[in-house]
Amino acid sequence: MVPADGVARGSAIEEFERLLDKKGLVRLLDVFLANREIPVSTQGLIEFTRDSQPTVSRRTDDLVEIGIIEESEGSSPKMFRLNMEHPAASGLLSAYEALHEHVDEIQESSEEFEPESYDFDSGSPFVELFRYPTNGAILSALLHYPDAKLSKRDIAEIADVDSTTVGDNIPILVRIGIATREGEDSRNPKYSLDREHPAADGFLEAIAKLQVAKGPMIPTESEAHETSEQEVISSLHEQLREVMSAFGVQPEEADGAAATQASSRADTRASAEEPDQAFCYEDQRLRFEQRADSVPRTAA
């Protein structure tokens, strides 16, 4: 079962996912994190990512809209750089640097990671971590509940993906070390964020600062529904008490009388050793006879 506490969906977590939900975004973000505040042209981005010009232009516009990068003023051709004023920038940069500092361990554990590759992004542990867009959603689920142990089904529910996809992709996070698995021989292993991983603090910092920037936490749909139900029940109770008071019946007296009556009926069933169904049947019969006696009869 998914834990009740955690970072609110619909706020920082979803904003974090927007940065990572397309591979083209991750490749571009990798370039900007590598260059920090050094501007990069569109042509440079094309060469680094090996994506087409239309793809690079669309993804650059996406990142500008999110605010994580900004266009350098007065530059021709257009130049873009990491926006260090964005709430997630410092945390992502910290995570990026931590991943590169431990590149050897990641190389040893990953099947497709090639740090000596000629291709820029093939040698990046940041790109390897988010090789598939679903990985961003899975990591977001672990960041959502950073101290919880989650099953594949829990993660699938939080990340809004199917369990099979989680099973296929979470091993990448485990190999890189950002996630841990418990129960190697279990059919239902539990996964959690490795708080000791060097990149974990950076990702959590990005989430925390995004949350602060977006204001108070937004309750989840289930939390809002539960709160609404409680408010309705409380309102009905209050209205009932007002009606009872209007008829001169104190709510406490009514509650006490109802409890006494219920206790008396329970004692009767227990002393007679009658099953509940038989007792209810007898009660209904007596009530029927009482109603019949109260009906006026006319002479034949």
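Structure report, in brief. Remember, it's a predicted structure, so these values are computed and weren't measured experimentally.

### Things to note about the pairing of strand β3 (residues 79-82)
Regular strands have side chains that alternate between both faces of the sheet. Examined bridge by bridge, strand β1 (residues 40-41) and β3 share 2 bridges and lie antiparallel to one another. Following the sheet pairing, Val-40 is matched in β3 by Phe-80. For strand β2 (residues 69-71) and β3, the ladder comprises 3 bridges, and the chain directions are antiparallel. If you follow Glu-70 over to β3, its bridge partner there is Arg-81.

### Description of helix α10 (residues 163-176)
Taking 1.5 Å of rise per residue, the 14 residues of α10 would be expected to cover 20 Å, and the 20 Å separating its terminal C-alpha atoms lies within 8% of that figure. The sharpest bend along α10 reaches about 30 degrees and sits at Asn-169, with the proline Pro-171 one to four residues further on. All buried positions along α10 are accounted for by Thr-165, Val-166, Asn-169, Ile-170, Ile-172, Leu-173 and Ile-176. For α10, the side-chain oxygen to backbone nitrogen distance between the N-cap and Thr-164 is 3.1 Å, and the N-cap itself is Asp-162.

### Examining the sheet that holds β1
To summarise the sheet geometry, strands pair through backbone hydrogen bonds and adopt either a parallel or an antiparallel arrangement. If you walk across this open sheet you meet the 3 strands as β1-β3-β2, and the pairing is antiparallel. Among the strands making up the open sheet, the edge pair consists of β1 and β2. Against the sheet, helix α2 (residues 23-35) engages β1, β2 and β3, with an angle of about 75 degrees to β3.

### Examining the nonpolar core
Core analysis: the largest hydrophobic core is formed by 63 residues, its most contacted members being Leu-92, Ile-178 and Phe-203. Sequence-distant contacts of Leu-92, that is, excluding residues within four places in its chain, are made with Phe-16, Leu-19, Leu-29, Leu-33, Ile-68, Gly-202, Phe-203 and Ala-206.

### Regarding the side chain of Arg-59
You can see Arg-59 is positioned in helix α4 (residues 53-66). A relative accessible area of 18% means that Arg-59 is categorised as buried. Non-local contacts of Arg-59, meaning those with residues more than four positions away in its chain, are made with Lys-22, Gly-24, Leu-25 and Leu-28.

### A look at the packing of α2 against α4
How two helices pack is summed up by the angle between their axes together with the distance between the axes. Where α2 meets α4, the closest approach of the two axes is 9 Å, and the angle between their N-to-C directions is 70 degrees. Considering the angle they form, α2 stands roughly perpendicular to α4. In this structure, α2 uses Gly-24, Leu-25, Leu-28, Leu-29 and Phe-32 to contact α4, whose residues at the interface are Val-56, Arg-59, Thr-60, Asp-62 and Leu-63. Classifying every residue of the contact of α2 with α4 gives 6 nonpolar, 2 polar and 2 charged.

### Side note on the environment of Ser-75
Looking at the element boundaries, Ser-75 is found in the loop between β2 and β3. Along the chain, Ser-75 and Pro-39 lie 36 residues apart, while their C-alpha atoms are 9.6 Å from each other.

### As for the pattern of salt bridges
In a structure, side chains of opposite charge can pair up when their charged atoms sit close to one another. Applying the stated criterion to the full structure yields 8 salt bridges. With a closest N to O distance of 3.5 Å, Glu-15 and Arg-18 form a salt bridge. Of the two residues, Glu-15 and Arg-18 both sit in helix α1 (residues 12-18), 3 residues apart, roughly one turn of that helix. Its salt-bridge partner being Arg-81, residue Glu-70 comes within 3.4 Å of it at the nearest N-O pair. Of this pair, Glu-70 sits in strand β2 while Arg-81 sits in strand β3, and the two are 11 residues apart along the sequence. The partly exposed category is assigned to Glu-70, whose relative accessible area is 29%.

### Some words on the packing of aromatic side chains
Here the structure, examined in full by the defined rule, presents 4 aromatic pairs. An angle of 85 degrees between the planes, with centres 6.0 Å apart, marks the rings of Phe-16 and Phe-203 as edge-to-face. One end of the pair, Phe-16, is in helix α1; the other, Phe-203, is in helix α11 (residues 200-214), with 187 residues separating them in the sequence. Between the aromatic rings of Phe-126 and Phe-130, the centroid separation amounts to 5.3 Å while the plane-to-plane angle is 65 degrees, which identifies the pairing as edge-to-face. Using a relative accessible area of 0% as the deciding quantity, one classes Phe-126 as buried. For Phe-130, a relative accessible area of 1% translates into the label buried.

Rules of the game
Residues numbered from 1 in each chain as written. Predicted model: local features only at pLDDT ≥ 70, side-chain atom pairs only at ≥ 80, totals over all residues. Heavy atoms only, no water. Pairing = 2+ DSSP bridges. Helix = DSSP H or I, 4+ residues; strand = E, 2+ residues; numbered from the N terminus. Expected span 1.5 Å × (residues − 1). Bend = angle between axes of the 7 residues up to and from the residue. Buried < 20%, exposed > 50% of the residue type's maximum accessible area, 1.4 Å probe, protein only. Polar contact = N/O pair within 3.5 Å; in protein donor to acceptor, adjacent residues only side chain to side chain. Contact = heavy atoms within 4.5 Å. Axes fitted to C-alpha atoms, helices over the stretch in contact; angles between N-to-C directions. Core = buried A, V, L, I, M, F, W, Y, C linked by side-chain atoms within 4.5 Å. Parallel < 35°, antiparallel > 145°, perpendicular 65-115°, else oblique. Nonpolar A, V, L, I, M, F, W, Y, C, P; charged D, E, K, R; others polar. Salt bridge = Lys/Arg side-chain N within 4 Å of Asp/Glu carboxyl O. Phe/Tyr/Trp six-rings, centres within 6.5 Å; stacked < 30°, edge-to-face > 60°.

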